[in-house]
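# Summary of the model geometry
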Amino acid sequence: MVMRGKSAWRKNNRREIKKTIERYLAIFAIIALGTGFFAGLKVTQKAMVETFDRYANEHKMYDFQLISTLGLSKEDLEYFANKEGIIAEGIITQEFIADIYMDNDLVLKAHSISDEINTLSLQSGRMPETGSEVVVDARYFPEDSLGSKIRIASSNDEDIQEAFTYDEYTVVGRADSVNYLNYDRGTTKLAGGSVYAFIYMPGEGFTRDFYTEILIEVDNDYQVYSDGYESMVLDKEKVLEEAMEVRASLRYDEIVEEASKEIIEAEEEYNEAYEDYLAEKADVEKELDDAWIELSEANQEIIDAENDLREAEEEITKGENEYQEGLEDYEKALREFEEEKTDVLDDLENKQRELNGNKILVVSAMKQIEESGVLDQYKQVQESITSLGESLHQIDDPTSEEYFYIYSQLEIAKGAMEQIEASGVLQQYSGLENSLAEIEAGQVELDAGIEMANSQFADAEAQLKDAKIELDNAKKEIENGKQEIEDGWQAIEEGRIEYEDGLKEYEDGKKEADESFAEAEEELADARKKLDEAWEEVHDIPEAKTFVLNRNHNMGYATFENDSAIVDGIAKVLPLFFYLVAVLI
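For the structure given in this document, a descriptive report is provided here. (Residues numbered from 1 in each chain as written. Predicted model: local features only at pLDDT ≥ 70, side-chain atom pairs only at ≥ 80, totals over all residues. Heavy atoms only, no water.)

Each helix and strand in the chain was counted, giving nine helices and 11 strands. Of all 585 residues assigned to the chain, the portion counted as buried reaches 34%. Taking as baseline every contact in the chain between residues at least 6 positions apart, the subset at least 24 positions apart corresponds to 82%. Surface accessibility of the chain: about 36,700 Å² in total, with carbon and sulfur atoms responsible for 50%. (Helix = DSSP H or I, 4+ residues; strand = E, 2+ residues; numbered from the N terminus. Buried < 20%, exposed > 50% of the residue type's maximum accessible area, 1.4 Å probe, protein only. Contact = heavy atoms within 4.5 Å. Areas by Shrake-Rupley, 256 points an atom, 1.4 Å probe, with all protein chains shown as cover.)

Before going further, it helps to examine the pattern of salt bridges. This model, assessed by the stated rule, comprises 19 salt bridges. Across the pair Arg185 and Asp137 runs a salt bridge whose closest N-O atoms are separated by 2.5 Å. Of the two residues, Arg185 is situated in the loop between β8 (168–177) and β9 (197–201) and Asp137 in strand β6 (residues 133–137); the sequence distance between them amounts to 48 residues. A residue is classified by how much of its surface remains accessible, and Arg185, at 7% relative accessible area, is buried. Here the salt bridges do not stand alone but share partners, grouping Arg126, Glu129 and Glu133 into one network. (Salt bridge = Lys/Arg side-chain N within 4 Å of Asp/Glu carboxyl O.)

Further remarks concern the pairing of β9. With respect to burial, β9 is a largely interior element, five of its five residues being buried. Across the two faces of β9 the burial is the same, with Ala197, Ile199 and Met201 and Phe198 and Tyr200 all buried. Bridge count for strand β4 (residues 104–112) against β9 is five bridges, and the pairing is parallel. Counted as the bridge partner of Lys109 is Phe198 from β9. By the bridge criterion, two bridges tie β6 to β9 in an arrangement that is antiparallel. Bridge pairing links Val135 to Tyr200 in β9. (Pairing = 2+ DSSP bridges.)

This part takes up the sheet that holds strand β10 (residues 211–218). Sheet architecture is open: four strands sit in the order β2-β10-β1-β11, paired in antiparallel fashion. Lying at the two open borders of the sheet, with one neighbouring strand each, are β2 (86–91) and β11 (546–550). Put simply, the sheet's adjacent strands are angled 20° from each other on average, direction ignored. Across the sheet, helix α5 (residues 227–372) touches β1 (64–72), β10 and β11, and the angle it forms with β1 is around 15°. (Axes fitted to C-alpha atoms, helices over the stretch in contact; angles between N-to-C directions.)

On the secondary structure map, Glu133 appears in strand β6. Residue contacts for Glu133: discarding those within four places in its chain leaves Arg126, Pro128, Tyr169, Thr170, Val172, Tyr200, Met201 and Pro202.

For the rest of this paragraph, the subject is the environment of Glu285. Take Glu285: it is sitting in helix α5. On the basis of relative accessibility, which here comes to 36%, the residue Glu285 falls in the partly exposed class. Each C-alpha atom, one on Glu285 and one on Ala513, is 8.5 Å from the other, the two residues being 228 residues apart in sequence.

Our next topic: the packing of helix α3 (residues 74–81) against α5. It is the contact of α3 with α5, at a shortest axis distance of 10 Å, that shows an interaxial angle of 155°. In this view, α3 runs roughly antiparallel relative to α5, as classed from their interaxial angle. When the axes of α3 and α5 are compared, the crossing they make is right-handed. Two secondary-structure elements touch here, α3 through Glu75, Asp76, Tyr79 and Phe80 and α5 through Leu240, Ala243, Met244, Arg247, Arg251 and Glu254. (Parallel < 35°, antiparallel > 145°, perpendicular 65-115°, else oblique. Left-handed = near helix turned anticlockwise from the far one by under 90°.)

Our next topic: the packing of aromatic side chains. Enumeration according to the criterion identifies 17 aromatic pairs in this entry. Measuring from ring centre to ring centre gives 5.7 Å for Phe52 and Tyr557, while their planes differ by 55°; the resulting arrangement is tilted. Of this pair, Phe52 sits in helix α2 (residues 21–58) while Tyr557 is found in helix α9 (residues 555–584), placing the two residues 505 residues apart along the sequence. There is no split in this pair, since Phe52 and Tyr557 are both buried. An aromatic cluster of at least three residues, connected via ring pairs, comprises Phe96, Phe164, Tyr166, Tyr169 and Phe206. Lys281 extends its terminal NZ or CZ atom over the ring of Phe517, reaching a point 5.6 Å from the ring centre. Its guanidinium or amino end placed over the ring of Tyr270, Arg528 lies 5.3 Å from that ring's centre, counting from NZ or CZ. (Phe/Tyr/Trp six-rings, centres within 6.5 Å; stacked < 30°, edge-to-face > 60°. Lys NZ or Arg CZ within 6 Å of the ring centre and 35° of its normal.)

A word on helix α7 (residues 401–422). Taking 1.5 Å per residue as the helical rise, α7 with its 22 residues ought to reach 32 Å, and the 30 Å between its terminal C-alpha atoms agrees with that figure. Taken together, the buried positions of α7 are Ile406, Leu410, Ala413, Met417 and Ile420. The buried residues of α7 occupy an angular sector of 80° when the element is viewed end-on, so they sit on one face. Those residues of α7 that are exposed and aimed more than 90 degrees away from the buried face are Glu401, Phe404, Tyr405, Ile412, Glu418, Gln419 and Ala422. The inward-facing, buried residues of α7 contact α6 (374–394) and α8 (425–540). (Expected span 1.5 Å × (residues − 1). Arc of directions from axis to C-beta.)

Within the secondary structure, Ser112 is located in strand β4. Note on Ser112: relative accessible area 6%, which makes it buried. A polar contact is formed between the side chain of Ser112 and the backbone nitrogen of Ile92, at a distance of 2.8 Å. (Polar contact = N/O pair within 3.5 Å; in protein donor to acceptor, adjacent residues only side chain to side chain.)

In this section: unusual backbone geometry. Even without glycine at this site, Lys60 takes up a positive phi of about 50°. Assignment of secondary structure puts Lys60 in the loop between α2 and β1. Since its relative accessible area comes to 36%, Lys60 is described here as partly exposed. The backbone of Tyr225 sits at a positive phi, close to 70°, despite the residue not being glycine.

In this section: the packing of α6 against α7. Axis separation between α6 and α7 bottoms out at 9 Å; the angle between their running directions is 150°. Here α7 runs roughly antiparallel to α6, going by the angle between their axes. For the crossing formed where α6 meets α7, the hand is left-handed. Residues Val374, Gln377, Tyr378, Val381, Gln382, Ile385, Leu388, Gly389, Ser391 and Leu392 of α6 pack against Tyr403, Ile406, Tyr407, Gln409, Leu410, Ala413, Lys414, Ala416, Met417, Ile420 and Glu421 of α7. Residue classes in the contact of α6 with α7 are distributed as 14 nonpolar, five polar and two charged. (Nonpolar A, V, L, I, M, F, W, Y, C, P; charged D, E, K, R; others polar.)

This part is about the environment of Lys281. Mapped onto the elements, Lys281 comes out in helix α5. Separated by 233 residues in sequence, Lys281 and Asp514 place their C-alpha atoms 9.5 Å apart. When neighbours within four sequence positions are excluded, Lys281 is seen to be in contact with Phe517 and Glu521.

Burial within β11 is extensive, with four of its five residues counted as buried. Bridging between β1 and β11 involves five bridges; their strand directions are antiparallel. Bridging across to β11, Phe64 finds its partner in Asn550.

Any functional reading would require information that these geometric values do not contain.
As structure tokens, then:
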């Protein structure tokens, strides 16, 4: 009975299958497909992890990322690099707003290229050879971006702009980075709140003298996401955290010391600058004071010169008045002299005419008497009388005829003499002779008077000439004085212009000096304020906060693990899904 029952069941199943062959073929296909899909999902996670493990090892993905809010020094890098089983490399990162050919105001994150950790996977172009060249994110920068420029936007803060050596960088290559495993490039405090893409450049492209991060690669053979790897990470993480605390303290002391040293040097420079300012100010003020004294003296000299010229003008006016008076006196004296000379000469000429007339009359009368022969007769008579008297005295006999003859002749001669004398001719001639003598004496006196008059005229003329010369000299002196005064006023005007120019130059110089002093004082005050603020900043420098980040803090790394886990989860759920399908069928 049992055998028959089983046989009937089988026959029934075969008939059912034959009748619904399409249905069973569909179930078979679904089962085959599900089995294959299930098998693929089961191995996918392992394949993904192994592939990523090879990629991470090939490009030496970091195991730890060491970060300090105060940055990391070369000494910090040497400290970790000298640890056994560790490779350490310092890098610099900086987010910035970029102007690129595709768009402006995109936020990029710049990394310094590392040699041993987080190596790049070049997709096109070449690696940078100078500090002004970069490779860019191959996912977001197309092939035609090669050769383009990336500029540091002016909208960046000064600190960000000063972090870069150059204002623009040339794109020479496109690459993928093991640091970025998915599409996400991180968040930022800059415009937009998200990083658009990454770029990598040599360390020379940055101006930083410290590292923003130290990447650590630990020597191990563990596969990514494995328990052994996670255990190693936990062990090393604690050691690195303790070391970072120590290094952070040293870094803090170093920064405070360096900052204090810089401020002290700055204060020394400030003190020197302040002393130089005081010395320069004193020199300038002395120069200005000396210039003001010179200007004051020049102004006083101008005032004194003006007073002297006014006095000189008064003297000139007084001199002109005196000259005019002297000229009038001279002209009056000259007229009086000419009149007196004319009168005297006329009088002398009249006297001379009178003398000449009288002399002519006397000489004429004397000549008439002389021509009458009376004088000769009288002289002959006198000579005869004298001769007869001598002859008579020589005769001893007064009775002699000779005596008598001579005596008679003598009496005749005496009678003739008496007759001539009685005629009055001799008295008239003698009177004429006296008159002529008087005339000649008058002529001598007149000549002496003429000579005296001429001498007096000459003296007077000389005095008048001297007076005229003095007047002419005075006039010339007045004219010269006027010219000198005119020249003086011209010189004063020129001096006044020069003084005004000097005063303006002084005022401009003083204004410029005051402005320079004010500016210098403001700059010194600002410098003093900055020094005080710098000291406050040094005192306010916070203790460094340190962060030891493992791969799990990398968004791409964590996301990849989650994605592979999701695939494994789907593989676990898939059999139930196909079972339900089969039941429904």
